[in-house]
Amino acid sequence: MSKADLIVGLQWGDEGKGKIVDHMAQTHDYVCRFAGGHNAGHTIVIDGKKYALHLIPSGVLNPTAKNIVGNGVVLSPKDFIKEMVQFDNLDGRLFLSDKAHVLLPYHALIDQAKERLKGDKAIGTTGKGIGPAYGDKIARVGHRLGELLNPEKLTAKIVAYFEMNKPVFDAMGVDAPVESELLAELQGYKDVLGKHITDTTQLMWKIMDEDKKILLEGAQGTMLDIDHGTYPYVTSSTTVSAGACSGLGINPKDIGKVTGIAKAYCTRVGNGPFPSEDFGAEGDLLRKNGHEFGTTTGRPRRCGWFDAVAMRHAVRVNGVDQVSLMKLDVLDGFDEVKVCVAYEVDGKEINYVPYELEDATPIYKSFPGWDKTEGVREFDALPDTAKSYIKALEEMIGTKMGIISTSPEREDTIIR
Ligand code: IMP
């Protein structure tokens, strides 16, 4: 029986998971998503053709790999179908959990209305409806993908849901759907997605019993986790390793190697605490050199330095076996490179993530910079100062950096 390899983000998302997942998808039989929705995203270029992936697992780019979308995901049929049309034929290669929750256009309208109402307290969501869809799930009033198989019944259920919540929808400025239009919409979704909807928990168990090579693909990052991130400035799902179990119906013993993905610096999109954010010229340079603009929303990302305190938290929460350090080359040319090694809270130095991260002031240690790591493929070929930087990070977080990425190119990767 095989164990599944797991990839998780260790910062605030956008760590560069795409490159590593795509690379690993080449050697795995199945790639499975377990959480989040189309708030995630990465773009891949293969033979000059660009593919935008938000929810379809990266195994879709390997013609022999199969793809599973687990029950922990919220799936917008409309957006999912848009993503599917980039690929020729997904029959027999794409399996969607009948227990995944359906995200409908009204979820996005509610998300946007709530953000507007929050004013300067807004979370800075992607506006895709993720929070409202998970909210319905947890409040036990959501709609599952399995229900799409009976569009008439689901239409009646959604219409009744709107009637019951009319004052709320009115306050949000969200119109009730016209019954006949809703039915036609859901019927259209069933026609395309119906054949892919199945019991993916049984499928997970079967492929493990068959000793298949399985890769579990995380979305977002640990600091955006609903429980372990910077609540309420988080996404609405379990982004950490444990989410892979509940989001796919497997048990902790089914998990094999856990690879955590981290950038050599740090970014965040949306609002909320980010102690090592750099508001000056160096932050701007990180944004420029790292092309730090959101794939899903195009927003400029907030940029700053590697936060070793938050990283230790992430390594422990996820049970990380090795870290994959991404975008080392973005630090090329800096005279010195800073790392947040501790926080100061109420005049005291602490080395853990406090209840209110907002109150933490970073304490930095500086390391000498280097000229160029871009394109380097052997650890020994890195400049000495870059090697020292990586070794210092490993010591601070107590975990090996087994993979180091030195450019977006697949081959520009150091494996140790
Ligand atoms: P939501 O997931 O759209 O509700 O957004 C909640 C928070 O998570 C916001 O700060 C978003 O910017 C952030 N977020 C959601 N998805 C991603 C992602 O894929 N990368 C980085 N940040 C994300």
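Anyway, here's the lowdown on the structure attached to this text. Given the structure is predicted, the values throughout are model-derived calculations rather than measurements. (Residues numbered from 1 in each chain as written. Predicted model: local features only at pLDDT ≥ 70, side-chain atom pairs only at ≥ 80, totals over all residues. Heavy atoms only, no water.)

Ranked by internal contacts, the top residues of the largest apolar core, which has 57 residues, are M204, L216, F306 and Y389. When residues of this core are assigned to their parent elements, the largest contribution, 7 residues, is made by helix α12 (residues 384-397). By size, the runner-up hydrophobic cluster in this structure holds 38 residues, among which are L96, V102, F169 and L182. (Core = buried A, V, L, I, M, F, W, Y, C linked by side-chain atoms within 4.5 Å. Buried < 20%, exposed > 50% of the residue type's maximum accessible area, 1.4 Å probe, protein only. Helix = DSSP H or I, 4+ residues; strand = E, 2+ residues; numbered from the N terminus.)

What follows deals with the site of the ligand. Residues in contact with the ligand amount to 15 residues; listed here are only the nearest, D14, N39, T126, T235 and R299. A distance of 3.4 Å is found between an oxygen atom of the ligand and a backbone nitrogen or oxygen belonging to G124. Contact between the ligand and R299: an oxygen atom at 3.0 Å from a side-chain N or O atom of the residue. Against a free-state accessible area of 480 Å², the protein chains account for coverage of 96% of the ligand. Residue composition of the shell around the ligand, by class: 6 nonpolar, 7 polar and 2 charged. (Near = heavy atom within 4 Å. Polar contact = N/O pair within 3.5 Å; in protein donor to acceptor, adjacent residues only side chain to side chain. Areas by Shrake-Rupley, 256 points an atom, 1.4 Å probe, with all protein chains shown as cover. Nonpolar A, V, L, I, M, F, W, Y, C, P; charged D, E, K, R; others polar.)

The description of two aromatic rings rests on the distance between their centres and on the angle between their planes. Applying the stated criterion to the full structure yields 11 aromatic pairs. On the numbers, 6.2 Å between centres and 40 degrees between planes, the contact of Y106 with Y161 is tilted. In this pair, Y106 sits in helix α3 (residues 105-118) while Y161 sits in helix α5 (residues 151-164), placing the two residues 55 residues apart along the sequence. Its relative accessible area of 7% is what places Y106 among the buried residues. Look at W370 and Y389: their rings are 5.5 Å apart centre to centre, the planes differ by 45 degrees, and that puts the pair in the tilted class. (Phe/Tyr/Trp six-rings, centres within 6.5 Å; stacked < 30°, edge-to-face > 60°.)

What follows concerns the sheet that holds strand β2 (residues 30-33). A sheet is described by the order of its strands in space; here 10 strands give the open sequence β9-β7-β5-β2-β10-β1-β11-β15-β19-β20, paired in mixed fashion. Among the strands making up the open sheet, the edge pair consists of β9 (197-198) and β20 (413-415). Here strand β1 (residues 4-9) pairs with strand β10 (residues 214-217) via 3 bridges, running parallel. Its bridge partner lying in β10, D5 is registered against L215. Together, β1, β2, β10, β11 (255-263), β15 (322-326), β19 (401-405) and β20 form the strand contacts of helix α1 (residues 17-25), whose direction differs from that of β1 by roughly 165 degrees. (Pairing = 2+ DSSP bridges. Contact = heavy atoms within 4.5 Å. Axes fitted to C-alpha atoms, helices over the stretch in contact; angles between N-to-C directions.)

The next point concerns a negative patch on the surface. On the surface, a cluster of negative charge is contributed by D346, E356, E358 and D359. By relative accessible area, which is 77% here, D346 ends up exposed. (Patch = residues over 30% accessible without salt bridge, like charges linked within 9 Å, V, L, I, M, F, W, Y side chains within 5 Å. Salt bridge = Lys/Arg side-chain N within 4 Å of Asp/Glu carboxyl O. Lys, Arg positive; Asp, Glu negative; His and termini not counted. Charge placed at Lys NZ, Arg CZ, Asp CG, Glu CD.)

This paragraph deals with the packing of helix α2 (residues 77-84) against helix α7 (residues 179-193). Helix packing for two helices is described by the angle between their axes and how far apart those axes are. Between α2 and α7, the least distance of the axes is 10 Å, while the angle of their chain directions is 40 degrees. Classed by the angle they form, the pair α2 and α7 counts as oblique. Where α2 crosses over α7, the two elements pack in a sense that is left-handed. Taking contact as the criterion, the partners of P77, K78, F80, I81 and M84 in α2 are, on α7, Y189, V192 and L193. (Parallel < 35°, antiparallel > 145°, perpendicular 65-115°, else oblique. Left-handed = near helix turned anticlockwise from the far one by under 90°.)

Here K114 is to be found in helix α3. Take K114: its relative accessible area is 39%, and that puts it in the partly exposed class. As a C-alpha pair, K114 and E336 span 222 residues in sequence and 42 Å in three-dimensional space.

Looking along the chain, the bond that leaves Y231 and enters P232 is cis, with omega of 5 degrees. Among the structural elements, P232 can be located in the loop between β10 and α9 (241-246). Of note in the backbone geometry, D211 takes a positive phi value of approximately 65 degrees without being a glycine. Considering the arrangement of structural elements, one finds D211 in the loop between α8 (200-209) and β10. Its identity as a non-glycine residue notwithstanding, D346 has a phi of 50 degrees, on the positive side. Tracing the chain through its elements places D346 in the loop between β16 (336-345) and β17 (348-350).

Attention shifts here to the pattern of salt bridges. Using the criterion set out here, one finds 17 salt bridges in the structure. The shortest N-O distance in the salt bridge between K327 and E292 comes to 2.9 Å. Here E292 lies in the loop between α10 (281-289) and β13 (302-304) and K327 lies in the loop between β15 and β16, a separation of 35 residues in the sequence. What makes E292 buried here is its relative accessible area of 0%. Across the pair D412 and R377 runs a salt bridge, and its minimum N-O distance is 2.8 Å. Separated by 35 residues along the polypeptide, D412 in the loop between β19 and β20 and R377 in the loop between β18 (361-368) and α12 bring together distant segments of the chain. A relative accessible area of 46% places R377 in the partly exposed class. Shared partners join several salt bridges into a network, and the residues in it are D14, K263, E292, R301 and K327.

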